[in-house]
Amino acid sequence: MTQTSEGNTAERKAAERKEAGSRRCLIITSHIDQADQITVDPEEYDAVIAADGGLIQAEELGIRPDILIGDYDSCELPEGRDAVVLPAEKDMTDSEAALDLAYERGFRRAVILGGLGGRFDHTMGNIGLLAKYCGKMEELAFVDGINRVTMKAPGSYIIPRDDYYYLGLAAYGGPCAGLSAQGVKYPLDDYTLPDDTTLGVSNEILGREAEITFRGGKLLIIQSRR
């Protein structure tokens, strides 16, 4: 009876996502800071993609990926598994290839586990991936055991506090115009945030959520547990 109930729940959630036109995938990378602090429910996603060594991370999280992609220089490709095998020398990381694949297959909502911390060049490259798909996807976030990082195009957004303590705002690639932040310890009202300041770091959401509105530029939204 329990299995039937869980199956019905998964089917209902999948049907709701299909009706909303927002297929959602989980991408697991090879480096996840504080992975023991992450709780993931695969049923919240329509597919799970492991990028190269992300296969090892997926196994440690008790998740079986639906799609494998990578050059497999950091782990061995399991026998009998279908995979997109990439050349070792290429013009992108396995994480970018995984995200491109997700987009090509129609996913417009994606959560990427890892990709922050570790080698700083990879972290900066992943911030570039947020910029690459900013405004093209309904949801795109890098998540590890400490941070949740997204990038938004102009608009108005509700940011739930959940279990994140700090909220950071940073302009990317130029000033962020008309920025307002309400429901936070240090509010902003129609402020032009330049991309060469630390003014937006270490804010806090006071209640259950904050509202962020801006009319120009690209805005990084960083939520941190500590």
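The structure under discussion appears in the preceding block.
In this convention, every chain numbers its residues from 1, walking through the sequence in written order. Under the rules for a predicted model, residues below a pLDDT of 70 receive no local features and side-chain atom pairs below 80 are neither given nor counted, while totals for whole chains, interfaces and linings still include all residues. For side-chain calculations, the full set of non-hydrogen atoms in the structure is used, while hydrogens and water are omitted.

What follows deals with the overall build of the protein. A helix here means a DSSP run of H or I that spans at least four residues, while a strand means a run of E at least two residues long, and both kinds are numbered starting from the N terminus. Within the protein, the regular secondary structure consists of four helices and 13 strands. Over its C-alpha atoms, taken along the principal directions, the protein stretches across nearly 55 × 50 × 30 Å. Within the protein, residue pairs in contact and separated by at least 24 positions form 63% of the contacts whose partners lie at least 6 positions apart. Note on areas: Shrake-Rupley, 1.4 Å probe, and residue coverage restricted to the protein chains presented here. Looking at the protein as shown, the accessible area adds up to about 12,000 Å², and 47% of this sits on carbon and sulfur atoms. Asp and Glu are treated as the negative residues and Lys and Arg as the positive ones, with His and the ends of the chain left uncounted. Each charge is placed at NZ for Lys, CZ for Arg, CG for Asp and CD for Glu. A gap of 5 Å separates the mean positions of the 24 positive and 38 negative side-chain charges of the protein. Two residues form a contact once any of their heavy atoms are found within 4.5 Å.

With that out of the way, let us pick up the pairing of strand E10 (residues 188-193). In short, DSSP must find at least two bridges between two strands for them to pair. By the bridge criterion, three bridges tie strand E9 (residues 166-182) to E10 in an arrangement that is antiparallel. Bridging across to E10, Leu179 finds its partner in Tyr191. Hairpin remark: E9 followed by E10, antiparallel, with five residues in the connecting loop; positive phi at Gly183, about 80 degrees.

So, on to the nonpolar core. If you look at the biggest cluster of nonpolar residues, it comprises 29 residues, and the most contacted ones within it are Ile27, Ile49, Leu99, Leu130 and Leu140. For this core, the secondary-structure elements that each account for two or more residues are strand E1 (24-28), strand E2 (47-51), strand E3 (67-70), helix H3 (94-104), strand E5 (109-113), helix H4 (120-133), strand E6 (139-143) and strand E7 (147-152). Each nonpolar core is a collection of buried residues, namely Ala, Val, Leu, Ile, Met, Phe, Trp, Tyr and Cys, held together in the definition by side-chain atoms within 4.5 Å. Exposure categories follow from relative accessible area, calculated using a 1.4 Å probe and restricted to protein chains: below 20% of the type maximum is buried, above 50% is exposed, and the middle band is partly exposed. Ala171, Ala181, Ile205 and Ile221 belong to the second-largest nonpolar core, a separate cluster that totals 16 residues.

This part covers unusual backbone geometry. Not every positive phi belongs to a glycine, and Asp52 is a case in point at roughly 50 degrees. The phi torsion at Ser202 lies on the positive side, around 60 degrees, for a residue other than glycine. One can find Ser202 in the loop between E10 and strand E11 (203-204). Accessibility expressed as a relative area gives 45% for Ser202, which makes it partly exposed.

Right, let's get into the side chain of Ser224. When you line up the elements, Ser224 lands in strand E13 (residues 216-224). Separated by 2.7 Å, the side chains of Ser224 and Asn147 make a polar contact. When sequence neighbours within four positions are dropped, the list of residues in contact with Ser224 reads Ile146, Asn147, Tyr164, Tyr165 and Tyr166. By the criterion applied in these results, polar contacts are pairs of N or O atoms within 3.5 Å in which, for protein atoms, one can donate a hydrogen and the other can accept it, and in which residues neighboring in sequence qualify only through two side-chain atoms.

This next bit is on the pattern of salt bridges. Salt bridge criterion: a side-chain nitrogen from Lys or Arg within 4 Å of a carboxyl oxygen from Asp or Glu. In the structure shown here, the tally under the stated rule is eleven salt bridges. Between Glu139 and Arg24 there is a salt bridge, with the nearest N and O atoms lying 3.1 Å from each other. Here the residue Glu139 occupies a position in strand E6, and Arg24 occupies one in strand E1, the gap between them amounting to 115 residues. Its salt-bridge partner being Asp71, residue Lys90 comes within 2.6 Å of it at the nearest N-O pair. Of this pair, Lys90 sits in the loop between strand E4 (83-85) and H3 while Asp71 sits in the loop between E3 and E4, and the two are 19 residues apart along the sequence.

Time to look at H4. An α-helix turns once every 3.6 residues. As a result, residues three or four positions apart point the same way. To estimate the expected span of a helix, count its residues, drop one, and scale the result by 1.5 Å. Taking 1.5 Å of rise per residue, 14 residues should cover 20 Å, and H4 covers 20 Å from first to last C-alpha, within 8% of that figure. Among the residues of H4, those classed as buried are Thr123, Asn126, Ile127, Leu129, Leu130, Ala131 and Tyr133. Elements that come into contact with the buried residues of H4 comprise H3, E6, E7, E9 and E13. Immediately downstream of H4, the backbone of Gly135 shows phi near 85 degrees, a positive value.

A few words now on the state of the cysteines. Put simply, a disulfide is two cysteine sulfurs that come within 2.5 Å. Summed over all chains, the structure comprises zero disulfides. Note on Cys25: no disulfide assigned, nearest cysteine sulfur contributed by Cys134 at a separation of 17 Å. With no disulfide of its own, Cys134 has Cys176 as its nearest cysteine by sulfur position, at a separation of 9.9 Å.

With that out of the way, let us pick up the packing of H3 against H4. The geometry of a pair of packed helices is captured by two quantities: the angle between their axes and the separation between those axes. Only the stretch in contact is used when fitting a helix axis, every axis being a line fitted to C-alpha atoms; angles between N-to-C directions are given from 0 to 180 degrees. Following both chains from N to C, one finds H3 and H4 inclined at 20 degrees, their axes separated by 11 Å at the closest point. Taken together, the axis directions place H3 and H4 in an arrangement best described as roughly parallel. In this structure, the crossing between H3 and H4 has a hand that is right-handed. Two secondary-structure elements touch here, H3 through Ser95, Glu96, Leu99, Asp100 and Tyr103 and H4 through Asn126, Leu129, Lys132 and Tyr133. When describing relative orientation, an angle under 35 degrees is termed roughly parallel and one over 145 degrees roughly antiparallel, while 65 to 115 degrees is termed roughly perpendicular and anything else oblique. In a left-handed crossing the near helix is turned counterclockwise from the far helix by less than a right angle, and in a right-handed crossing that turn is clockwise.

Take it as geometry only, folks, not as evidence of what the structure does.
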